[in-house]
Structure formats: C-alpha cells, structure tokens
Amino acid sequence: MQQTSLFDTGERDVSRERLDALREAIREHDYRYYVLDAPSIPDAEYDRLMRELRQIESEHPQWIQPDSPSQRVGGSPREGFVAVRHARPMLSLNNAMDEAELADFDRRAREALGENALAYHAEAKIDGLAISLRYENGVLVRAATRGDGERGEDVTANVRTIACIPLRLMSTDRPAVLDVRGEIYMPRRGLRELNERLLAAGEKPFANPRNAAAGSLRQLDPRITATRPLSFFAYGWGELDGTSAPKTHSEMLARLRAWGLPVNPLNALVYGIDEARAYAARLLAARDSLDYDIDGAVFKLDRIADQEQLGFVARAPRWAVAFKFPPEEELTELLDVDWQVGRTGALTPVARLAPVHVGGVMVSNATLHNLDMIHQKDVWIGDTVIVRRAGDVIPEIVGRLIERRPAGARAIVPPRICPVCGSHVEQVDGEVALRCTGGLYCPAQRREAIRHFASRRAMDIDGLGEKIIIQLDEAGLVKRLDDLYRLRLEDVAALERMAEKSAQNLLDALEKSKTTTLARFLFALGIPEVGETTAQGLARHFGSLDALRDAACADLPTAEAERKKDRFPRLQAAPDVGLTIAAHIAGFFTEAHNREVIEGLLAVGVHWEAPSSAVGEQPLAGRTYVITGTLEGMTREEARAALEALGAKVSDSVSKKTTALIAGEAAGSKLARAQALGVPVLDAMGLAELIAPSR
Ligand code: 5U1
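Given the structure is predicted, the values throughout are model-derived calculations rather than measurements. (Residues numbered from 1 in each chain as written. Predicted model: local features only at pLDDT ≥ 70, side-chain atom pairs only at ≥ 80, totals over all residues. Heavy atoms only, no water.)

1. Quick notes on the environment of Phe 453
For clarity, the threshold we go by: Helix numbers and strand numbers start at the N terminus; a helix is a DSSP run of H or I with at least 4 residues, a strand a run of E with at least 2. Exposure is judged per residue with a 1.4 Å probe applied to protein chains only, and the accessible area is read against the type maximum: over 50% gives exposed, under 20% gives buried, and values in between give partly exposed. In what follows, residue pairs with any heavy atoms lying within 4.5 Å of each other are defined as contacts.
Positionally, Phe 453 belongs in helix 12 (residues 446-454). Given the relative accessible area of 0%, Phe 453 is considered buried. C-alpha separation for the pair Phe 453 and Leu 522, spaced 69 residues apart in sequence, amounts to 9.7 Å. Sequence-distant contacts of Phe 453, that is, excluding residues within four places in its chain, are made with Ala 458, Met 459, Asp 460, Ile 461, Leu 481, Leu 484, Tyr 485, Ala 524 and Leu 601.

This is the structure we're talking about:
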C-alpha cells in the first residue's frame, strides 16, 4: 500500500491522479443523470468507473473523503420538486457481478446464521426508477423518488397518474401506515410507441426505457406524465404500522398484492445457492421475451428474523444481493455505416461496430434507423457510440459520447445511388426513408416486386406464389420481371417439388397474364404509393403508358417550381395524385433501369387495349403542340392535359415538326421561333376550338 506524505514532495501518485479524475468524471455523470435526465454513458460504464474508484479507495483508505461520490447512495433532489424525508431510508443493493460473488454472498449468510441452506425470495431486478409510496389509513398520500436514500423528491401528483398504482388500498385489513417500495418502469412496447409520437412531433426520443421512465416521472406537469405508459412493481416496504409484522418477505409481498399493489409474477422462493443459480439462469433466458428491461436477479433472505440478524453495511442490507446480468448497453467504436436496401426499396443505415459484448451477445452491427435519427443523435463515423441490445429487437445505436469524438471523425453521408443496383436514391418530401427508385430492377427488391407483380389484382399470375418466387430467385432464373416470360418448361419443372403439370400450368398462367389492362399493368409496377385506384385514375387520365411516361420524365422540378411548391404539375393533374405520389411516379419513370424493364415486358408480349374512355376519342393523335405565355381562363397545365387526353403530344420546344404553337399573353422567344419557322400560331380561342368537343 502506498503512503501519502504530509509534505507535498511535488510528485503526484498515479493512483491519486486517477482517483481525482474518477471522482470528477463520476460527479459529472451524476449531474447529467440525476439533474439533467440526460446520461451520456451507459450504466455499465458508470459502474466500471465507480468500481475502479472504490477499488482505489479500498487500497488507499486515507484518501477517502466524505464528499467522494462513493460515499453516498443516490443523487440529490433537483430544483422544481419539494424534497421529502423518507420515514425509513431507501436502501440500495450490493451487486454480485458473477456466480462466484453470488456464492460468496450465500456463504457469508449461511455462516452468519449457521445454516446449511437458506430460503431466498428470488425476484427480477427491474431497470426503472425506485419509488416509495406512502399509504396512510389505506390512502396514497405521498410518492417520493429515492434521491440520496434519506431524502427524495415529492412526485405524488405524477405518480397518481400511473394507472396500476392504487390510490386506495383494497380490502378492509389495511395498515395505518405503509411505505411501499418498488420500481416504476416503462414497458418496452410503450417506449417504442412513445418514441414514435415524440419523433412525429419533432421531439427527441428517449434512449432507453429507464431514461423514459425517469424523464416521464420528473415532469413538472403531471398532465404530461399522464400520457406516458408507466407501470410499477412493488418489491419491499419501509415503515409499516397498525398491522402485524410479517414473518417472511414472501408473506409480506402476498399482502401487498392483496392490497391491490402489482407484484411481479416472476418472483419465486428458492432454497440454497443451486436453486438461486438456476432461477437466475431461467430469468436470463426469459429476459428478451419480457416487455420490460431487467438488469439482474435479486435474492433476499426470506425470513425477516434472518434479515434482522444480518443487518446492514452502509446503506445496503447484508441479507440481499443483486446478481447482475450482462449490461444491455455498451460502448464501442462506430467503424462505418452501410446502407441496406429492404424489399420495398427503403434504405436503412446499418452501423458497423468494433465487436462488443452486449446483453451476453457479441454485437458488430446495429441499426441507426434512418437519416432523421442519425441527425437527431448526431452520430459520426469514428465516434464512441452507445449500443443497446434489449429484448428481441435488433441492436441499435442510442447515442454517442461527444467528448470522445476523434479528430478524424466524419459525418455520415447518405448514398446518392443504390448500393445494390446503382439506381438513383430519392427521399420524397414528408417521408423519412431514403428509397431506391429501381423497384423493378433492384435485386434487393426483386422478390417483393415479383410477388406484387403476380398478385391477383395486378397481373394475376395463378400459381406464382411466395415459395416458387424464392426458388426461381435462388436458381437465378428471374433476374428481372421480364425474365418471367422467358421461363422454359424444363427450367420450371426442374424446381424442387414441381411436377411437370404444375410447371405447365404456371407457364399457361404467365401466357394468359400477357393480356391485361393499362391500369393493372401500372398497379403491377409497384410504384410506391400507387395503389389500384390511383393506377386506374392514371390509366384513365393519361390514356397510354407513353403519355404517362412522358409526363413523368418531362415533369422534372425546376428551381422556380421548387420555390412555388408547384412540382410535377402534369402528374398532379391526374385524379388522386398529390405531390408525394407524383414524386414517386417521377422518380420511378426517370430511373432508366425501370424503363428498360418496362420495355422488356412489352417486348415479351405484355399488352393491353387502350382504355375504353380513350378509344375513338383521339382526334389529335400524331399532332404535336407547344404551349407558351399566359392563357386566358386556363392554366398551361390544364391545356396540356386537355390536349393529351385527345391524343396530342405536347412538347416544350418549337421545331419544324410542331403542329402549332399555342401562344397566350406575353409569349416570348417561342413565338418568335414559331414565326421564323412558319409554324402556325393559335391563341386561347383557337385552343378552345381545338379541344372543344372533349370539354
Ligand atoms: N426486485 C427488487 N429490486 N430491488 C431493488 N428488489 C429490490 N430490493 C431493493 C432494491 C433497491 O432493495 C431492497 C433492499 C429493499
């Protein structure tokens, strides 16, 4: 052991410096955790710092100071809530970090009591917020957080909003005074829904259920707490008056339950260390399937007389221990970000991590959800990030340590082209997801594209179900949709469990599907947000695939249109088509890969009759018009739609082939060019005559 000199020799001891640094760091983390409700490191990291501090202090007891973070149990009440003194202190639990430490706890208890095997009350350690509920004559009079164990914050108004906490105890046999001790927590599903709500409102989501529970309970406005899905389990008691003293912990928890307090159904009585270990193993195995976070198993001597005999050290009882499970949050380095393309084309950022054990599993990938989340959490490549793996959800990045950002860190830039197929990537206004536009071409979307294409309301290809689609894909027989129509009988018959008769049936169904309608074909293309009704509207409005394709490709947004939020006017002129759908249609048709697949489908013989409303009503077919200037009584887009509905083509530039220029007020260079080329010029009246029969 090292001795400190009374006289400062100028030489600072390494442990001493480390001790100071640890105390400073822990104080900072306490402040962030208890006061700001914004912890910046996972619990496991905090625990490591605290353990290291305690270790140094145990090696150098002369350095222990009363204000060291190791010398108190919890945090201090924050401004805004009234401090209240607990009638009995709220204790904390000593931890057993592994089975050997659990066995030590059991051995010490057995030795102290002189018994061979002890009965333990085994419980799940809920990862929430400890609370003390005071009932006087059966009525809830106060709820207080743990604070420093002696004094906490009065959160009665907030706790009264938690539905499962009784405001009045049930049954007639009520104690005069009862302090119930337990944990307030937020169920995982509740947190997911809450975070969705917060994100939709443009607010910051919570990183984990514990922060969410703490943040919700510490709201100064109880009406906000009331909207939060909080829950509670009772696991102990403080002052108890006006009723018989319980003989065992399990007996008292049964009484709490009878009084209407929620008690965890996973609690059990176990005998001896082997059963305790087995309980912990079962609980750990069940951990992912629970709807709340747990961070360990708690074992308490069941007999109250035994508890009293063992007593306390500092603020932790010697009769109970928390057997800690592997932490569900850890720190690691974000090495890179890949973008995964889902079956509907949505791009998800996947974090590549320096491998780390989280919740007992080695994790090297985690989701970052979407670009909005990346911005919200301000995560960069090179950052030290907090990775969380809880429940059966995939590991996620919940934050980063800004103070550890290295000089070479770089911001995450989303790809402009799809990493799988090279089609361009779009982010449609109002949507969080980035999307690959190569829906018909992208291998990542292939199976989904085929499934949708073949579905009954689309091309109605009988017999082309999910299993066969997977087989065809795995065999590499269908790389693009049009390959479906090139399948040969022997290829299909060679698939596993495919009789020749079924293979022939499939080919027949494919052949039959070639004769379809434009509306079905448009729906079958799987353009995002284009359902059956929209597809029918598009077919009716444009009359032909060419007209729709021209509108989609020519309708690229100009800077001026962007400013006026007046994008894709020709597409938006169709029924049911607003800005978002128009953007999806434009994105789809401007992607050359998709146009190639459509050409391929037409080339193999997919065809349809012109929509009936357009048949015989195309008097302007083969003619090309250009529109310029301000038309009286009609926007240029309406004029264009009317001409196209009659089969005309509307072009943007005047050439010798232009049938006529339609010139409104303030026509400029196009009018001059038409006159120079001898192209006929019509005014608004001429246009009205031209389209009159159809209006
Ligand atoms: N399940 C459970 N959690 N928990 C936490 N029991 C339990 N007991 C505790 C704590 C702090 O303290 C006892 C000493 C009452």
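Resuming the write-up.
2. Quick word on unusual backbone geometry
Even without being a glycine, Asp 460 presents a positive backbone phi close to 55 degrees. Structurally, the position occupied by Asp 460 is in the loop between helix 12 and helix 13 (466-474). Residue classification places Asp 460 among the partly exposed residues on the basis of a relative accessible area of 36%. In this structure, Ala 666 takes a positive phi of about 55 degrees despite not being glycine. Summarising the element assignment, Ala 666 is placed in the loop between strand 27 (660-663) and helix 24 (669-677).

3. Focus on the site of the ligand
Condition: Throughout, the term near means that a residue has one or more heavy atoms lying within 4 Å of the molecule or strand in question. Nitrogen and oxygen atoms within 3.5 Å of one another constitute a polar contact, given that in protein one can donate a hydrogen and the other can accept it, and given that sequence-neighbouring residues count only through two side-chain atoms. Only the protein chains shown count as covering a residue, and every accessible area follows the Shrake-Rupley method with a 1.4 Å probe.
The full set of residues close to the ligand is Leu 91, Leu 93, Glu 123, Ala 124, Tyr 235, Val 298, Lys 300 and Pro 317. One nitrogen or oxygen atom from the side chain of Glu 123 is found 2.8 Å from a nitrogen atom belonging to the ligand. In the model, a nitrogen atom of the ligand is placed 3.0 Å from a nitrogen or oxygen of the Ala 124 main chain. Protein chains shield 87% of the accessible area of the ligand, which is 380 Å² for the free molecule. At the level of secondary structure, the elements contributing two or more residues to the shell around the ligand comprise strand 3 (119-126) and strand 10 (294-301).

4. A short note on the packing of aromatic side chains
We count it as follows: Pairing of aromatic rings covers Phe, Tyr and Trp, the last through its six-membered ring, and needs centres within 6.5 Å; plane angles under 30 degrees mean stacked, over 60 mean edge-to-face, and all others mean tilted. Over a ring means this: the NZ of a Lys or the CZ of an Arg is within 6 Å of the ring centre and within 35 degrees of the ring normal.
For the structure on display, the rule yields nine aromatic pairs. Measuring from ring centre to ring centre gives 5.3 Å for Tyr 185 and Tyr 292, while their planes differ by 55 degrees; the resulting arrangement is tilted. On the criterion of sequence distance, the pair formed by Tyr 185 in strand 7 (residues 177-185) and Tyr 292 in the loop between helix 9 (272-286) and strand 10 is long-range, its members being 107 residues apart. Residue class for Tyr 185 comes out buried when judged on its relative accessible area of 7%. Overall, the relative accessible area of 11% leaves Tyr 292 in the buried class. Measuring from centroid to centroid gives 6.4 Å for Phe 453 and Tyr 485, while their planes differ by 80 degrees, and the two rings are edge-to-face. Here Phe 453, found in helix 12, pairs with Tyr 485, found in the loop between helix 13 and helix 14 (489-493); they are 32 residues apart in sequence, far enough to count as distant. With relative accessibility at 11%, the residue Tyr 485 sits in the buried group. Three or more aromatic residues link up through ring pairs in this structure, and these residues are Tyr 185, Phe 233 and Tyr 292. For Arg 16, the ring lying beneath its charged end belongs to Trp 63, and the centroid distance is 5.3 Å.

5. Regarding the sheet that holds strand 8 (residues 231-241)
The condition that has to hold: Any two strands with at least two DSSP-identified bridges between them are counted as paired. To obtain an axis, a line is fitted to C-alpha atoms, over the contacting stretch when the element is a helix, and the angle between two such axes runs from 0 to 180 degrees between their N-to-C directions.
With antiparallel pairing, the four strands of this open sheet are ordered in space as 5-4-7-8. Looking along the sheet, the strands with just one partner apiece sit at the ends: strand 5 (139-145) and strand 8. Put simply, the sheet's adjacent strands are angled 25 degrees from each other on average, direction ignored. Contacting strand 7 and strand 8, helix 8 (residues 249-258) crosses the sheet at an angle of about 110 degrees to strand 8.

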